[in-house]
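Chain and residue survey
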Amino acid sequence: MKAEKQMLYLGSNLKMYKTISETVSFLTRLAALTRDVDREQLCLFIIPSYTALDAAVKAVHGQIRLGAQNMFWADSGPWTGEISPIMLKDLNLDIVELGHSERRRHFGETDRSVNKKVLAALEHNLTPLICVGETLQEKNHGIQVEKLRQQLKIALYGVPETRIGRIWLAYEPVWAIGEAGIPADPAYAGSMHKVLRDALAELYPGRANLVPILYGGSVNLDNAAHLIQEPEIDGLFIGRAAWQADSFYEIISRVLPLWLEKVKGGPTHEKTH
Ligand code: PGA
């Protein structure tokens, strides 16, 4: 597989917050602020609500990569309320977020359903952004490593090695997400990224570095700088702190030079997306 240059991945899931017009003004402002940022170095992506996707693609196509927050696995059928991979491709999207903890917790998403969606996404040339992470109780029981390995192995079940380079991963400890979240200590997050990288290496020898692993959960301007210096953290998947374009841009401006310094000094992870 031919790998492209290594990149920093910074993105945000807008959850169920912005209307169509709010999404468009956010994206337009973010595109303007980041106009001069080298897209060979930065992969900038936003994941808006379904209703705003069409307008979002039209507003910033080519400047900001866009994705959907979920997807069903079937191409079409009697699945009222669901959205198919074909429908997402129809919008010219290329990313689909799968298995966010809010979907697992409130909407019955399981490792098995995430796996079906991952396979369907790959079939349609969408990039699956798979979210994994332990709950506080699992962390307290000391089973976070087992939990992450289980989530990862089931999510990737049946993914051939020729397609592993399309996958993006986000480590998002459930206890770190949202208003009540406690941001993970950067060293702890780094060690969990290493667990994921090692599991990838077991499953796909020689290809683990093709998968960018992003950290998410109460990322803010201050902790972003520390998190990105961890060797196995390839990017940040940000919620609240990225929902104002100017604040997101501040994070980008702080993190990108630190990331460049890190990759100049350390071993290079080659990425395909
Ligand atoms: P947060 O959200 O940054 O607001 O904690 C992160 C996420 O849910 O991905």
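Here's what I pulled together on the structure shown here. (Residues numbered from 1 in each chain as written. Predicted model: local features only at pLDDT ≥ 70, side-chain atom pairs only at ≥ 80, totals over all residues. Heavy atoms only, no water.)

A separate point is the overall build of the protein. Each helix and strand in the protein was counted, giving 10 helices and eight strands. Taking 2.2 N^0.38 as the reference for a compact globule, 273 residues should give roughly 19 Å; the C-alpha atoms of the protein span a radius of gyration of 17 Å, in line with that estimate. Projected onto its principal axes, the C-alpha positions of the protein cover 45 × 40 × 40 Å. A buried classification covers 54% of the 273 residues belonging to the protein. Sequence separation of 24 or more characterises 74% of the internal contacts of the protein that already satisfy a separation of 6 or more. Total accessible area on the protein is roughly 12,200 Å²; 53% of this is exposed by carbon and sulfur atoms. Here the protein carries 30 positive and 32 negative side-chain charges, and the mean point of each set is 2 Å from the other. (Helix = DSSP H or I, 4+ residues; strand = E, 2+ residues; numbered from the N terminus. Rg over C-alpha atoms; globule rule 2.2 N^0.38 Å. Buried < 20%, exposed > 50% of the residue type's maximum accessible area, 1.4 Å probe, protein only. Contact = heavy atoms within 4.5 Å. Areas by Shrake-Rupley, 256 points an atom, 1.4 Å probe, with all protein chains shown as cover. Lys, Arg positive; Asp, Glu negative; His and termini not counted. Charge placed at Lys NZ, Arg CZ, Asp CG, Glu CD.)

Taken together, Lys-15, His-100, Glu-172, Ala-176, Ile-177, Gly-178, Gly-217, Ser-218, Val-219, Gly-239 and Arg-240 make up the full set of residues adjacent to the ligand. Contact between the ligand and Gly-178: an oxygen atom at 2.8 Å from a main-chain N or O atom of the residue. When isolated, the ligand has an accessible area of 280 Å², and the protein chains bury 99% of it. Residue composition of the shell around the ligand, by class: three nonpolar, five polar and three charged. (Near = heavy atom within 4 Å. Polar contact = N/O pair within 3.5 Å; in protein donor to acceptor, adjacent residues only side chain to side chain. Nonpolar A, V, L, I, M, F, W, Y, C, P; charged D, E, K, R; others polar.)

A separate point is the sheet that holds strand S5 (residues 127-132). Strand pairing in a sheet relies on backbone hydrogen bonds, with the paired strands running either antiparallel or parallel. Strand order in the closed barrel formed by eight strands is S1-S2-S3-S4-S5-S6-S7-S8, with parallel pairing between adjacent strands. Strand-to-strand twist in this sheet, taken as the mean axis angle between neighbours without regard to direction, amounts to 25°. Docked against the sheet, helix H7 (residues 144-155) engages S5 and strand S6 (168-171), running at close to 155° with respect to S5. (Pairing = 2+ DSSP bridges. Axes fitted to C-alpha atoms, helices over the stretch in contact; angles between N-to-C directions.)

Take the packing of helix H5 (residues 111-123) against H7 next. At a minimum axis distance of 8 Å, the contact between H5 and H7 shows a crossing angle of 40°. When the axis of H5 is compared with that of H7, the two are oblique. Together, Asp-111, Arg-112, Val-114, Asn-115 and Val-118 of H5 and Gln-150, Gln-151, Ile-154 and Ala-155 of H7 make up the contact between the two elements. Within the contact of H5 with H7, the residues separate by chemical class into four nonpolar, three polar and two charged. (Parallel < 35°, antiparallel > 145°, perpendicular 65-115°, else oblique.)

What you see with strand S4 (residues 95-98) is no split at all: Ile-95 and Glu-97 on one side and Val-96 and Leu-98 on the other are buried throughout. On the question of chirality, the crossover connecting strand S3 (residues 65-68) to the parallel S4 by way of helix H3 (residues 85-90) is right-handed. Pairing of S4 with S5 involves four bridges; the strand directions are parallel. Within the sheet, the bridge partner assigned to Ile-95 lies in S5 and is Thr-127. (Right-handed = clockwise from strand over helix to strand, strands pointing away.)

Keep in mind that these numbers describe shape and distance, not what the molecule does.
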